[in-house]
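# Structural features, examined
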Amino acid sequence: MHTTIASPVAMTFDIEEHHRIEAAAHGTWPVGLRDVYARRMDDTTRWLLDRLGERGIRATFFVVGQIAESHPSLVRRMVAEGHEVASHSWDHRRVHRFTSQTFREDVRTSKDALEQASGAAVVGFRAPTFSIMRETAWAIDVLCELGMLYDSSIFPIHHDRYGVPDAPRTPFIVRGHEHSLLELPLLTLRLFRHNLPVAGGGYFRLFPLALMQRGIRRSAATTNSAAVLYFHPWEFDPDQPKLPLGRLSKFRTYVGIRRSRQRLEKLVRGEYRFARMTDIMASLDEERILLPSFALATPESLPQPEHPRLQPPARRAA
């Protein structure tokens, strides 16, 4: 007889078209290819919504703001089916590419577009490529000032592109230079004195599913914890046109992609208590005083002076 794991498991999805991934960020892709990826993103996200609906699972979708304008019916469907819509920036640029002012405009534009499309308040944020780190700690202050209630950008691991390896592995209060915010970090598994990333993405496709399941069980045994998982729609589309990436980026992007759908189907059949990020945030409200506090900001991470060549995001013409 199976016992449902009581600690919450958050299924989260980062919704962007495939050409926006960090490995392809410096490429110039023809309009026709971008349109193909946009259609496939829409189709695959709807497939994900169907699978979640079959199991009665409510999830959180971190959506790029431009998609709220290009695919408003998709965003409306998410909310209509009980899911949470949160911000994944306006156009999927890493936080390192902004000053505090241009980042403020990027998040504000995204938040406004998502709220207009969904008709629901947007209170959560996840930075593209988990790019809230020590050197971008000023972003926490900006998110607080824009009314965000939680962030889910910190991955407590070592990685060449992201990560804050000494951050807490369970929900915590992250301190910027002036403000503090609830942080819901991505799931890791502590093995051999290191944090193994088992939350999703390439790790979901590369590692055995049993490692993610073990991480979820370990999380359930920890007080005031939550297993935050993440996925992208393009990871469930094995027949999409492949981007011309370098060897390492190609491996990271496409490894295991043909078994992703089968693995997801197995995961959602698990005896877990799935919850949206807002549900987890609400459950932690009374325990917030007991959550660990973590200073992300350092003197070196103060925001840089505004750069005249950096422009705020442009809204599409109506």
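Read on for an overview of the structure. The structure presented is a predicted model; accordingly, all values stated were derived computationally and were not measured. (Residues numbered from 1 in each chain as written. Predicted model: local features only at pLDDT ≥ 70, side-chain atom pairs only at ≥ 80, totals over all residues. Heavy atoms only, no water.)

## Focus on the environment of Pro72
As for its position among the elements, Pro72 is in helix H3 (residues 72-80). Taking the C-alpha atoms as reference points, Pro72 and Ala117, 45 residues apart in sequence, are found 5.4 Å from one another. Setting aside its immediate chain neighbours within four residues, Pro72 contacts Ile67 and Ala117. (Helix = DSSP H or I, 4+ residues; strand = E, 2+ residues; numbered from the N terminus. Contact = heavy atoms within 4.5 Å.)

## Looking at helix H10 (residues 277-284)
Those residues of H10 lying buried are Met277, Thr278, Ile280, Met281 and Leu284. Viewed along the axis of H10, the buried residues span an arc of 160°, placing them on a single side of the element. (Buried < 20%, exposed > 50% of the residue type's maximum accessible area, 1.4 Å probe, protein only. Arc of directions from axis to C-beta.)

## Section: the packing of aromatic side chains
Evaluation of the coordinates by the stated rule reveals 19 aromatic pairs. When the centroid spacing of 6.0 Å and the interplanar angle of 85° are considered together, the rings of Phe155 and Tyr203 count as edge-to-face. Highlighted residues: Phe155 in the loop between strand E5 (150-151) and strand E6 (172-175) and Tyr203 in helix H6 (residues 201-206), separated in sequence by 48 residues. The residues Phe155 and Tyr203 share a single accessibility class, namely buried. With centroids separated by 6.1 Å and ring planes inclined at 55°, the aromatic side chains of Phe231 and Phe236 adopt a geometry described as tilted. Accessibility assignment for this pair places Phe231 and Phe236 in one class, buried. Aromatic ring contacts, followed pair by pair, group Phe13, Trp47, Phe61, Phe204, Phe231 and Phe236 into a single cluster. The residue whose ring lies beneath Lys242 is Tyr254, and the NZ or CZ to ring-centre distance is 5.3 Å. The residue whose ring lies beneath Arg261 is Trp47, and the NZ or CZ to ring-centre distance is 4.1 Å. (Phe/Tyr/Trp six-rings, centres within 6.5 Å; stacked < 30°, edge-to-face > 60°. Lys NZ or Arg CZ within 6 Å of the ring centre and 35° of its normal.)

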